[in-house]
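The lines below spell out each chain.
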Amino acid sequence: MSTFTNRVYAMVCRVPHGRVVSYGGIAALLGHPRAARGVGQALHALPDGADVPWWRVVNRNGEISIRGAMPGPQLQRALLEGEGVEFGGNGRIDWRRFGWDGQWEGRA
DNA sequence: ATAATGACTGAAT
DNA sequence: AATTCAGCCATTA
């Protein structure tokens, strides 16, 4: 795996419990503000069993961005709800409430 | 090294 | 506000 991918994983691990972040957000925090897609690719290649909370990463719309047919989108949503993240009727997450800026990592 | 793909985003319609 | 088009990046063939 490349250094970039490794960095993505590290950043995703920094996302606080019960909070979500966009691909572009991760990319920006890594210093690659336009590598949102690269982040997506990195998470896509993420091996099962990895201690990386990939489910805390959603698209800019605050919605599950996974196109896969199966236990992808559904699983992610379940995991997020399990952490206290609420989904709107449209299936979107209130960014103002659960959006993570990349600062305070779980402490006010 | 070139071309194609994809868990993205922002601007335009 | 929702949908469509084009641009960007990293990875894989």
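Refer to the structure presented above.
Quick caveat: nothing in here was measured; it's all calculated off a predicted structure.

A. Spatial organisation of the packing of aromatic side chains. One pass over the structure, following the stated rule, counts one aromatic pair. Summarising the aromatic geometry, the rings of Trp54 and Trp55 are spaced 5.8 Å apart at their centres and angled 80 degrees between planes, so their arrangement reads as edge-to-face. With a relative accessible area of 23%, Trp54 lands in the partly exposed category. In this structure, Arg60 packs its charged tip against the face of Trp95, placed 5.9 Å from the ring centre.

B. Structural detail: the packing of helix α1 (residues 3-13) against helix α2 (residues 23-30). Running from N to C, α1 and α2 cross one another at 110 degrees; their axes reach a closest spacing of 10 Å. Relative to α2, the element α1 lies roughly perpendicular. Along this stretch, α1 crosses α2, giving a crossing that reads as right-handed. Here Phe4, Arg7, Val8, Met11 and Val12 of α1 come into contact with α2, specifically with Ile26, Leu29 and Leu30. Taken together, the residues of the contact of α1 with α2 break down into seven nonpolar, no polar and one charged.

C. Spotlight on the side chain of Arg56. Looking at the secondary structure, you find Arg56 in the loop between α3 (36-44) and β2 (57-58). At 2.9 Å, the side chain of Arg56 forms a polar contact with the side chain of Glu83. Those residues in contact with Arg56 that sit more than four places away from it in its chain are Val15, Pro16, His17, Gly18, Arg19, Val20, Val21, Gln76, Leu80 and Glu83.

D. View of the protein's contact with DNA strand C. As a structural note, the neighbourhood of DNA strand C is formed by Ser2, Phe4, Thr5, His32, Arg34, Ala35, Arg37, Gly38 and Arg92. Counting only the atoms of DNA strand C within 4 Å of the protein, the fraction contributed by sugar and phosphate is 64%. Contact distances for DNA strand C include 2.6 Å between a phosphate oxygen and a side-chain N or O atom of Thr5. The separation between a base oxygen of DNA strand C and a polar side-chain atom of Arg37 is 2.9 Å. Those elements that place two or more of their residues in the surface near DNA strand C are α1 and α3.

E. View of the protein's contact with DNA strand B. Not every one of the 15 residues close to DNA strand B is listed here, only the nearest: Tyr23, Arg37, His44, Trp54 and Arg60. The protein-proximal atoms of DNA strand B, defined as those within 4 Å of the protein, are 45% sugar or phosphate. Residue Leu43 places a main-chain N or O atom 3.2 Å away from a base nitrogen belonging to DNA strand B. Interatomic distance of 3.1 Å between a side-chain N/O atom of Ser65 and a phosphate oxygen of DNA strand B.

The rules we used
- Residues numbered from 1 in each chain as written.
- Chains lettered and ligands numbered in written order.
- Predicted model: local features only at pLDDT ≥ 70, side-chain atom pairs only at ≥ 80, totals over all residues.
- Heavy atoms only, no water.
- Phe/Tyr/Trp six-rings, centres within 6.5 Å; stacked < 30°, edge-to-face > 60°.
- Buried < 20%, exposed > 50% of the residue type's maximum accessible area, 1.4 Å probe, protein only.
- Lys NZ or Arg CZ within 6 Å of the ring centre and 35° of its normal.
- Axes fitted to C-alpha atoms, helices over the stretch in contact; angles between N-to-C directions.
- Helix = DSSP H or I, 4+ residues; strand = E, 2+ residues; numbered from the N terminus.
- Parallel < 35°, antiparallel > 145°, perpendicular 65-115°, else oblique.
- Left-handed = near helix turned anticlockwise from the far one by under 90°.
- Contact = heavy atoms within 4.5 Å.
- Nonpolar A, V, L, I, M, F, W, Y, C, P; charged D, E, K, R; others polar.
- Polar contact = N/O pair within 3.5 Å; in protein donor to acceptor, adjacent residues only side chain to side chain.
- Near = heavy atom within 4 Å.

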